[in-house]
Structure formats: structure tokens, C-alpha cells
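Coordinate inspection notes
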Amino acid sequence: MTLLTRIIVTVILVAVSAFFLSASGQPEVHVLIPVCAFVSLFTSLFMIFNLLPIKLYQRIFLGLLLGGIVGLVWGESILLFEPVGIVFIKLIKMVVVPLVFASLLVGTASMQDIKKLGRLGIRTILFYMVSTAIAVTLGLMIANLLSPGSRIPDQLQVELGQNYSAEPGNKLDALDKNSPVDLLLNIIPENPLNAMAEGQMLQVIFFALMAGIALTYVLDDRKKNILLFFDGVSEAMIKMVQMIMRLAPYGVFALIAAVIGRYGSEIIVGLIGYFITTLLALLIHVILFNSLVVRFWTNVSVGRFWRGISQALVVAFSSSSSSATLPVTMECAQDNLDVRPEVASFVLPLGSTINMDGTAIFQGVSAIFIATVYGIDLTLMDQVTIVLTATLASIGTAGAPQVGIIMLTLVLETIGIPLEGIALILGVERFLDMARTMVNVTSDLSCACFINRQEV
Ligand code: ASP
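Remember, predicted model here, so these are calculated numbers, not experimental data.

Let us look at the nonpolar core. Counting residues in each nonpolar core, the largest one holds 116 residues, and the members touching the most others are F88, I425 and L445. Residues within four places of F88 in sequence aside, it is in contact with I244, M245, L247, A248, G251, V252, L255 and V315.

Listed below in C-alpha cells is the structure:
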């Protein structure tokens, strides 16, 4: 087919999909209409993605853009396609546990020098703690400066409060009131297989590290067999990620269309001040902090860094989960940024569970915003407490969608801001979650490049 024919076929297909999409939004339609909408839309997407010989990450961006447009135009009827997005996310999640376990075990066991591992661990954890503390401080500073809470009309507060109580599965139910000691004790799994089955990442990481260290003491020929086996597993998992990523343009399209279709753009308008302040703080953090770290303390140029991590960012944005993004994050680090496998397999899984710069920024801005709306003045001491709590809480938080909200309740509770205030922000939370997850992943990747240069 020549390019012109393909363009004509694509345009016809797009028109057909638009027709079926509009028809499937009508009440009481024949079951075949949504089926036709589904088939014609995905065939058009296939044609669009293959119209020009573009790279995979460009296709993913295109999927993101088209998903946004389709979600805005067709609203809730687009939810029909959400399962495609869910399939994509589930496939990536499927790889997380075996990939992390196998690669971390091989990485640790082949390090030989246990001192080196200790150095690597301390540096990584220090980097994560410091960057999270900087992030939450930045969030607080910007929110203090712009004070977005002072512009919320009373009427909107009431409306948002009502929306919140109507939300299915009120997020506060999930609040886990663990003490910091419990949190640390919980890192040690009683049964490693259970930890794997439940996807308890910190526990899996802990066990893989211990097993890797123990393996260094095992006789050479036996160790070699085990390492060969797990090395093979880890390589196969990475290949699997590459296969799954071919689905990414379609998965990302479906996920974004569903989010925009479900929530619409209205809610954002009401909370625009808060929304923009948070986005601004996130942006300033990645530009100032992450880009500077990359520029001065790593071997990659800033341009190469951003190009190299773009696939991971799109997946983070559409999945809202740094853990689910992990396999892609690891692939980007090793293939595009030349991070050595033993560094990537240690720094990145750990980062996806304990390093949450974006979430910390969100906490800072939200705490100030909610306090202002409720007329509470936060002292300097309160703000220092926010920095400490948010930094520590980030350790015990899984990189999963909306977990930041649970951490926020912890922060608010510590300084006595009414938890009901969360109702104010839940409407836009979904979008902010997507943005802050990108920042979380960016920070993990900048740390990987930083450590990669340190540990030669
Ligand atoms: N969704 C975020 C992540 O996975 C965590 C959060 O802020 O809710 O990194």
C-alpha cells in the first residue's frame, strides 16, 4: 500500500470509529455497536501508529495524546476501552517480582566485595532521604509563596466534601497506622515465598539481598550454577518487558482516555490554583534538583538522560505506579543510560519502594493548602515536622496508585490538620498522582546514574 492509500484508509477508519463511538454512547444500543467501536478504533490506532516509521517511544506519546483527545470528546463512553489499559498494566506487573528477585540476587552475589555493597547501600539510601527532604521542603516553600488555599470559594468546598463521601471505597479506610518500629520490623519476611506472592517489595528486596550475600560464601562451582540460572531468569524477564512494551501505545491510549473520560476537565478548573501550584513544584524539582544532579554528578548529559528515560516516564504517568513501571525503568537505565546491571538492580527496586520525591512535594503543597482552607496557621515547627514525617513515611509506602493520599493522612494527623480536608483535593488527586509518579521515577533514575558513576 502506498502512503496515500494508507492515509485514505486511516481517515475512513477514524470516521467509522467516531461514528460507532458516538452511537455506543446512546442509551439502549445493540451489543454489536460497542464491539464495532472497539474493533474500528483499535484498527485505526494500528494504522495511525504504523503510518510513518516512528520509534516506539514516539508511538507511546502519540497514544497518550490521542487518548486524551478521545477521552475529552467522548467522555464516559470511552470506558469501554479501559480493559486494554488494564491488560497492559497487569502484564508489566507480572514481571516485577521475578525480575527484581533474580536481578538483585545476581547483582549482589556477583559483587564479591561485601564492603562495596555496604557503601552502595548507604549512599543510595542517603541520596533517597536527602532528595525526599529537599522535595517536601520545596513543596512547602512554593505553597507558602503562592498560597493556593486562599482562593477556594466556600461553595466549592461544600461540593467537594459531598463528592468525597460519595466516592466508593473511601481512601481513608486504607490508612495503616503502623508505628515506625513496626515499619522496620515488617521489612523482614517470615516467609519469603509469601512476600513474593503478596508482592511485598521491601521484603522481597531484603530476602534477595540476604540470599545474594550468602551465595558469595558458597563454593564456586555450585554458586556458578545458581547464578547462571537466575541470570537467565533475569534476562528472560527483561525480554518479556520488551515484548510487553510493544503493547504500550495501545495500553497508554486506553488508560489516559479512561481517566479523562471519567473525570472530565471541570473538576480541575475549580481547584486550578492548587493543581497548578503542585505541578509547578514538581516541575521545579525535576528541573533544578534532578537535572543538576545529572549534569554535575553523573556521566550522562542532561539531554541524553531525559531522552533515555522517556519510556519509563510515559508508563509512570499512565500507570500511576512506580512499582508497576519498575521493569521499564530498569530497562531504560541499562539500555539507554548505560547503568551497570548490578547498580540498576539494587538502586531502582529500592527507589521504587522507598524514594518518593513527587509524593513528598504533593504532601507539602497539600498540607499547606488544606491548612489554609481551614484557616489554620502552620508554625515553622509544624512545617519542619511535615518534612520529617513525609520523608520517613516515604520509606514505608509502596509505589502504587494513590498511596500518597494514605501518607498524606499520616502527615496531616501528625500536625492536627483535619483529615476531611482530603476531600478537597480528591477530585484532582488522580491527575496529580500521574504527575508525581513521573517525578518519583525520575528521581530513582537520577540516583541510579549518580551511583553508577560513584561505584566504578
Ligand atoms: N503513585 C505513586 C507511585 O507509585 C505513589 C503516590 O504518590 O501515590 O510512585
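Further remarks concern the packing of helix α4 (residues 82-109) against helix α10 (residues 220-245). The geometry of α4 relative to α10 is characterised by a closest axis approach of 8 Å and an angle of 150° between their N-to-C directions. By the angle between their axes, α4 is roughly antiparallel relative to α10. Along this stretch, α4 crosses α10, giving a crossing that reads as left-handed. Residue composition of the contact of α4 with α10, grouped by class: 21 nonpolar, 2 polar and 1 charged.

Structurally, A448 is set in helix α20 (residues 422-454). If we skip the residues at most four places from it in the chain, A448 touches V339, V343, V347 and L348.

What follows is about the side chain of D444. Residue placement: D444 occurs in helix α20. Buried within the structure, D444 lacks any salt-bridge partner; R436 is the closest side chain of opposite charge, at an N-O distance of 13 Å. Within the local environment of D444, its side chain forms a polar contact with the side chain of N355, the two groups lying 2.9 Å apart. Each residue touching D444, except ones within four places of it in the same chain, is listed here: Y128, V347, L348, G351, S352 and N355.

Bringing the confidence of the model for the protein chain into the picture now. When pLDDT is averaged along the protein chain, the result is 84; 89% of the residues meet or exceed 70. Across residues 163-177 the pLDDT falls below 50, and counting only partners more than four positions away or on other chains, this stretch makes 19 contacts in the model.

One pass over the full model with this rule turns up 16 aromatic pairs. The interplanar angle of 45° and the centroid separation of 6.3 Å between the aromatic rings of F42 and Y250 together place this pair among those described as tilted. A residue pair is termed long-range when its members are at least 10 positions apart, and F42 in helix α2 (residues 32-49) and Y250 in helix α11 (residues 248-263) qualify at 208 residues. Y250 shares its class with F42; the two are buried. Relative to F253, the ring of F42 lies with its centre 6.2 Å away and its plane at 80°, an arrangement referred to as edge-to-face. One end of the pair, F42, is in helix α2; the other, F253, is in helix α11, with 211 residues separating them in the sequence. Among the residues examined, F253 registers a relative accessible area of 1% and is labelled buried. An aromatic cluster of three or more residues is present, and its members are F38, F42, F49, F81, Y250 and F253.

Quick look at unusual backbone geometry now. For S320, which is not glycine, the phi dihedral falls at a positive 55°. Note that S320 resides in the loop between α14 (302-319) and α15 (322-336). Relative accessible area serves as the criterion here: at 1%, S320 is assigned to the buried category. A positive phi angle, close to 55°, is found at D338, a residue other than glycine. Here D338 lies in the loop between α15 and α16 (341-354). On the basis of relative accessible area, D338 is assigned to the exposed category, the value being 51%.

Before going further, it helps to examine the site of the ligand. If you check the shell around the ligand, you find 14 residues, and the closest are S322, T359, G404, D433 and R436. Here T359 contributes a side-chain N or O atom positioned 2.6 Å from an oxygen atom of the ligand. In the environment of the ligand, an oxygen atom lies 2.5 Å from a nitrogen or oxygen atom belonging to the side chain of R436. Starting from 270 Å² of accessible surface for the ligand in isolation, the protein chains cover 100%.

About the thresholds
- Residues numbered from 1 in each chain as written.
- Predicted model: local features only at pLDDT ≥ 70, side-chain atom pairs only at ≥ 80, totals over all residues.
- Heavy atoms only, no water.
- Core = buried A, V, L, I, M, F, W, Y, C linked by side-chain atoms within 4.5 Å.
- Buried < 20%, exposed > 50% of the residue type's maximum accessible area, 1.4 Å probe, protein only.
- Contact = heavy atoms within 4.5 Å.
- Axes fitted to C-alpha atoms, helices over the stretch in contact; angles between N-to-C directions.
- Helix = DSSP H or I, 4+ residues; strand = E, 2+ residues; numbered from the N terminus.
- Parallel < 35°, antiparallel > 145°, perpendicular 65-115°, else oblique.
- Left-handed = near helix turned anticlockwise from the far one by under 90°.
- Nonpolar A, V, L, I, M, F, W, Y, C, P; charged D, E, K, R; others polar.
- Lys, Arg positive; Asp, Glu negative; His and termini not counted.
- Salt bridge = Lys/Arg side-chain N within 4 Å of Asp/Glu carboxyl O.
- Polar contact = N/O pair within 3.5 Å; in protein donor to acceptor, adjacent residues only side chain to side chain.
- pLDDT = per-residue confidence, 0-100.
- Phe/Tyr/Trp six-rings, centres within 6.5 Å; stacked < 30°, edge-to-face > 60°.
- Near = heavy atom within 4 Å.
- Areas by Shrake-Rupley, 256 points an atom, 1.4 Å probe, with all protein chains shown as cover.

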